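# Chain and residue survey
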Amino acid sequence: MSFIFVALGGALGAVARYTISLIPVKTTFPLLTLITNMIGAVLIGFIVGLTDKKGNVSPNTVLFWKTGVCGGFTTFSTFSLEAYKLFENKSYTLGSVYVAFSVCFCIFGVLLGKKLSTVIG
């Protein structure tokens, strides 16, 4: 039964990610992937914070949101490919900024999500 929760959440996350990718942005900087990963980081932080606070969240709910939705939504593999392409094209500064922003903003996003869970949850 847990596989169904992961699959449904993954489908929802993947559709949400695809929807964001349709936003018309003209830039060589992979902005939409960065934004997607930041949103995913906030979301997973919120889920973890809420689960820690409430303690009685069902395992299937956690699987749906954390493993399913966040796993289907975030785009680390895409991030890795885009960073590689920036470096491959000798855009070392842009690639370094992208990697640094992605890591720092997403770690901050997890912190923000956990803080939000204490206010909202």
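Up top is the structure these notes are about.
Residues numbered from 1 in each chain as written. Predicted model: local features only at pLDDT ≥ 70, side-chain atom pairs only at ≥ 80, totals over all residues. Heavy atoms only, no water.

## A word on the side chain of T33
Here T33 lies in helix 2 (residues 31–54). The exposure class assigned to T33 is buried, which follows from its relative accessible area of 10%. Setting aside residues up to four positions removed in sequence, T33 forms contacts with T75, T78, F79, E82 and Y98. (Helix = DSSP H or I, 4+ residues; strand = E, 2+ residues; numbered from the N terminus. Buried < 20%, exposed > 50% of the residue type's maximum accessible area, 1.4 Å probe, protein only. Contact = heavy atoms within 4.5 Å.)

## Some details on the packing of helix 1 (residues 2–21) against helix 2
Contact geometry for helix 1 and helix 2: axes closest at 10 Å, N-to-C directions at 145°. The element helix 1 and its partner helix 2 pack so that their crossing is right-handed. Here helix 1 contributes R17, I20 and S21 to the contact with helix 2, which in turn contributes L32, T36 and I39. When its residues are assigned to classes, the contact of helix 1 with helix 2 shows 3 nonpolar, 2 polar and 1 charged. (Axes fitted to C-alpha atoms, helices over the stretch in contact; angles between N-to-C directions. Left-handed = near helix turned anticlockwise from the far one by under 90°. Nonpolar A, V, L, I, M, F, W, Y, C, P; charged D, E, K, R; others polar.)

## Digging into helix 2
The end-to-end C-alpha separation of helix 2 is 34 Å, in line with the 34 Å expected for 24 residues at 1.5 Å each. Taken residue by residue, helix 2 has L32, T33, L34, T36, N37, G40, A41, G45, I47 and G49 as its buried positions. Residues of helix 2 that are buried in the fold lie against helix 1, helix 3 (59–73), helix 4 (76–88) and helix 5 (92–120). Phi for G55, located one or two positions after helix 2, is positive at around 75°. (Expected span 1.5 Å × (residues − 1).)

## Considering the state of the cysteines
One way to say it: the disulfide is the covalent bond shared by the sulfur atoms of two cysteines. This structure, assessed with the given rule, holds 0 disulfides. As a non-bridged cysteine, C104 has C106 as the owner of its nearest cysteine sulfur, 9.5 Å distant. By relative accessible area, which is 15% here, C106 ends up buried. (Disulfide = S-S within 2.5 Å.)

## Structural notes on the packing of aromatic side chains
Geometrically, a pair of aromatic rings is defined through the distance of the ring centres and the angle of the planes. What the rule picks out here adds up to 6 aromatic pairs. Residues F64 and W65 carry aromatic rings whose centres are separated by 5.1 Å and whose planes lie at 85° to one another, so their mutual orientation is edge-to-face. According to the relative accessible area criterion, F64 is buried, its value standing at 19%. Here F87 and Y92 contribute two aromatic rings whose centre-to-centre distance is 6.5 Å and whose plane-to-plane angle is 25°, an arrangement assigned as stacked. On the accessibility criterion, F87 (30% relative accessible area) is partly exposed. The class for Y92 is partly exposed, based on a relative accessible area of 48%. Within the aromatic cluster, the residues linked to one another by ring pairs are F29, F76, F79 and Y98. (Phe/Tyr/Trp six-rings, centres within 6.5 Å; stacked < 30°, edge-to-face > 60°.)

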